[in-house]
Amino acid sequence: MKIVIGSDHGGFELKEEIKNFLDEKGYDYVDIGTDSGESVDYTDFGLKAAEMVKSGEADRGILICGTGIGIGISANKVPGIRCAMVSDVYSAQMTREHNDANMISMGGRTLGGGLACMIVEKFLTTEFSHGERHQNRINKITAIEEKYNK
Ligand code: RB5
């Protein structure tokens, strides 16, 4: 599984902690930045990571900004992206099982590294449940995208 990870300045420190965790676990990932605490726009990193997931260059994406909100909203503007803003392990599991989320976003200013890494591990190790009702709802999400992308 190829993972893309990205953040703005508000998520930079947590991104580095998560990268250490990914290294320890042996995950294959690409870091698209940012590379420091200098102010940047979360939109640029949300878009770039989402486009990599959309194109198949990456299978899953992990995004971090100050709150996890702006970068996740940005990623979700790319058709086919289902980015869940997650701040607990249960939601990380459920968004894989029920929503087949291909990206998560988290807050570097709201989450500690220990919890964030538990969230990441659950996100990366949980499979979609493939239940008919869940697939049907995901199809309906896709239909909304198609309605407004005409
Ligand atoms: C940057 O200051 C901050 O607005 C950003 O990291 C994020 O929290 C936005 O949603």
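Here the residue numbers are simple positions, counted from 1 along each chain's written sequence. Reporting in this predicted model follows two pLDDT cut-offs: at least 70 for local features of residues, and 80 or more for side-chain atom pairs to be given and counted; totals over whole chains, interfaces and linings ignore these cut-offs and use all residues. Excluded from the side-chain calculations are hydrogens and water; all other atoms, namely the structure's heavy atoms, are used.

Engineer: Can you walk me through the packing of helix H4 (residues 89-97) against helix H5 (residues 113-125) in this structure?
Structural biologist: Think of two packed helices as two axes; the pair is described by the angle between the axes and how far apart they sit. Where H4 meets H5, the axes come as close as 8 Å, and the angle between the chain directions of the two elements is 20°. The angle between H4 and H5 places the two elements in the roughly parallel class. For the element pair H4 and H5, the recorded crossing hand is right-handed. Within the contact between the two elements, H4 uses Val89, Ala92, Gln93 and Arg96 and H5 uses Leu115, Met118, Ile119, Lys122 and Phe123. Angular values range over 0 to 180 degrees, each being the angle between N-to-C directions of two axes fitted as lines to C-alpha atoms, with helices fitted over their stretch in contact. Helix and strand definitions follow DSSP, with helices as H or I runs of at least four residues and strands as E runs of at least two, each counted in order from the N terminus. Here is the rule for angles: anything less than 35 degrees is roughly parallel, anything more than 145 is roughly antiparallel, 65 through 115 is roughly perpendicular, and the remaining ranges are oblique. A crossing counts as left-handed when the near helix is turned anticlockwise from the far one by less than a right angle, and as right-handed when that turn is clockwise. Any two residues having at least one pair of non-hydrogen atoms within 4.5 Å are treated as being in contact.

Engineer: Would you explain the site of the ligand in this entry?
Structural biologist: For this description, a residue counts as near a given molecule or strand if any of its non-hydrogen atoms is within 4 Å of it. As a structural note, the neighbourhood of the ligand is formed by Asp8, His9, Tyr42, Cys65, Gly66, Thr67, Ile69, Gly70 and Arg109. Residue Asp8 places a side-chain N or O atom 2.6 Å away from an oxygen atom belonging to the ligand. Identification of polar contacts relies on pairs of N or O atoms within 3.5 Å, with a donor-acceptor requirement for protein atoms, meaning one able to donate a hydrogen and the other able to accept it, and with residues adjacent in sequence counted only if both atoms are side-chain atoms. Here Arg109 contributes a side-chain N or O atom positioned 3.3 Å from an oxygen atom of the ligand. Note that accessible areas follow from Shrake-Rupley with a 1.4 Å probe, and for residues the cover is restricted to the protein chains shown. Taken by itself the ligand offers 290 Å² of open surface, and the protein chains cover 70% of this. Looking at the shell around the ligand, its residues break down into three nonpolar, four polar and two charged. Here the nonpolar group is Ala, Val, Leu, Ile, Met, Phe, Trp, Tyr, Cys and Pro; Asp, Glu, Lys and Arg are the charged ones; every other residue, Gly included, is treated as polar.

Engineer: Please clarify how the pattern of salt bridges should be interpreted in this entry.
Structural biologist: Oppositely charged side chains can pair when the atoms bearing their charge come close. Any carboxyl oxygen of Asp or Glu within 4 Å of a side-chain nitrogen of Lys or Arg constitutes a salt bridge here. Within the structure shown, the criterion is met by eight salt bridges. Of the charged contacts, one joins Lys19 and Asp31 as a salt bridge, the two residues approaching to 2.8 Å between their closest N and O atoms. Residue Lys19 is located in helix H1 (residues 12-25), and its partner Asp31 is located in strand E2 (residues 28-31); the two are separated by 12 residues in the primary sequence. For Lys19, a relative accessible area of 14% puts it in the buried group. For every residue, the accessible area (1.4 Å probe, protein chains only) is compared with the maximum for its type, and the residue is labelled buried under 20%, exposed over 50%, or partly exposed between those bounds. Residue classification places Asp31 among the partly exposed positions, given a relative accessible area of 26%. Of the charged contacts, one joins Lys25 and Glu121 as a salt bridge, the two residues approaching to 3.4 Å between their closest N and O atoms. Here Lys25, found in helix H1, pairs with Glu121, found in helix H5; they are 96 residues apart in sequence, far enough to count as distant. Each of Lys15, Glu16, Lys19 and Asp31 takes part in one network of salt bridges that share partners.

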